[in-house]
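# Per-entry structural report
In case you want the letters, here they are:
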Amino acid sequence: MRCPGCLHEDTKVVETRVLDDAMAIRRRRECPECGFRFSTKEQVEILNLKVKKRNGEFEPYSTEKIVRCVHIALEKRLKSEDRYKRLIAAIERDVQLTAKSDTIESSTIGDIVMKHLKKIDKVAYIRFASVYQDFEDLVEFQEEVEKLISKRHKKPR
Ligand SMILES: [Zn+2]
């Protein structure tokens, strides 16, 4: 990496730190030419992914949107910040693996989010399903609610 001070071609990494549950890395660097010290941060990011909406329009993929949806669904249910971050990362990994070239359908993203929520929290899953506008099959949703209710009734008190 070039020195931002004197534009010398190479700088030395003096320290590498893993941040945010291994989702980011900070490197402290020093220029051997002018002695300038600075740091760089490497952050996990999904780049250049387009989302095809149901109406056929495209929009750039937004981590922010996923985070908001999952946050609403999991409100007051997932206490650990680490687990929350890991969930988002797992969702994004699946989004990337499922995307064909650089495009993914919004309903596919919804399915991926639901699959992950279902694994970790049934109530969050139902909540997400009920706010998720692209929910394909309302019958399936109803079945899930009924399953959840019957399970509660069977629980010994
Ligand atoms: Zn320099």
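The residue numbering used here restarts from 1 in each chain and proceeds along that chain's sequence as written. Whole-chain, interface and lining totals are the exception, using all residues; otherwise, since this is a predicted model, local features are given only for residues with pLDDT of at least 70 and side-chain atom pairs are given and counted only at 80 or more. Only heavy atoms go into the side-chain values, all of them from the structure, while hydrogens and water stay out.

## Some thoughts on the overall build of the protein
In terms of helices and strands, the protein carries five helices and six strands. Counting from the N terminus, the helices are DSSP H or I runs at least four residues long and the strands are E runs at least two residues long. Shown N-terminal to C-terminal, the secondary structure of the protein runs as helices and strands in the order β-β-β-β-β-α-α-β-α-α-α. For the protein, buried positions account for 30% of its 157 residues. Per element, the accessible surface of the protein, about 11,100 Å² overall, is 50% carbon and sulfur. The buried label goes to any residue with under 20% of its type's maximum accessible area, the exposed label to any with over 50%, and the partly exposed label to all in between, with areas taken from a 1.4 Å probe on protein chains only. Here the accessible surface of atoms and residues is derived via Shrake-Rupley with a 1.4 Å probe, and residues count as covered only by protein chains that are part of the display.

## Brief notes about helix H2 (residues 81-98)
Given a rise of 1.5 Å per residue, 18 residues ought to cover 26 Å, and the 26 Å separating the end C-alpha atoms of H2 matches this to within 8%. Of all the positions in H2, only Tyr84, Leu87, Ile88, Ala90, Ile91, Glu92, Asp94 and Val95 are classed as buried. The contact definition used throughout considers only heavy atoms, calling two residues in contact when any of these lie within 4.5 Å. Looking at the packing, one finds that the buried side of H2 touches helix H1 (63-74), strand E6 (103-105) and helix H3 (106-120). In a helix, the anticipated span is given by 1.5 Å times the number of residues less one.

## Focus on the coordination of the zinc ion
Here a donor is an N, O or S atom found within 2.8 Å of the metal, or within 3.2 Å if the metal is Na, K or Ca; sites may look incomplete because water is not among the atoms. Here the zinc ion is held by the protein donor atoms Cys3 (SG), Cys6 (SG), Cys31 (SG) and Cys34 (SG), which lie 2.2 to 2.4 Å from it. Every angle between 85 and 135 degrees makes a four-donor site tetrahedral, while opposite donors more than 155 degrees apart, with all other angles between 65 and 115, make a four-donor site square planar and a six-donor site octahedral; other sites are irregular. Given four donor atoms and angles of 104 to 114 degrees at the metal, the environment of the zinc ion is assigned as tetrahedral. Here the donor residues for the zinc ion map to a single chain with the spacing C-x2-C-x24-C-x2-C. Of this pair, Cys6 sits in the segment before strand E1 (12-19) while Cys31 sits in the loop between strand E2 (24-30) and strand E3 (37-43); the two residues are 25 residues apart in sequence, bridging distant segments of the chain. A relative accessible area of 2% means that Cys31 is categorised as buried.

## Side note on H1
For H1, spanning twelve residues, the distance from its first C-alpha to its last is 16 Å, which sits close to the expected 16 Å at 1.5 Å a residue. Residues Ile66, Val70, Ala73 and Leu74 constitute the buried set of H1. Viewed along the axis of H1, the buried residues span an arc of 85 degrees, placing them on a single side of the element. At the exit of H1 stands Lys76, carrying a positive phi of roughly 65 degrees. The arc in question is traced by the directions running from the helix axis to the C-beta atoms.

## Here we look at the nonpolar core
We call a set of buried Ala, Val, Leu, Ile, Met, Phe, Trp, Tyr and Cys residues a nonpolar core when their side-chain atoms join them within 4.5 Å. Ranked by internal contacts, the top residues of the largest apolar core, which has 25 residues, are Val70 and Leu117. Of all elements in the fold, only H1, H2, H3 and helix H4 (122-131) reach the threshold of two or more residues within this core. Setting aside its immediate chain neighbours within four residues, Val70 contacts Tyr84, Leu87, Ile88, Ile91, Val113 and Leu117.

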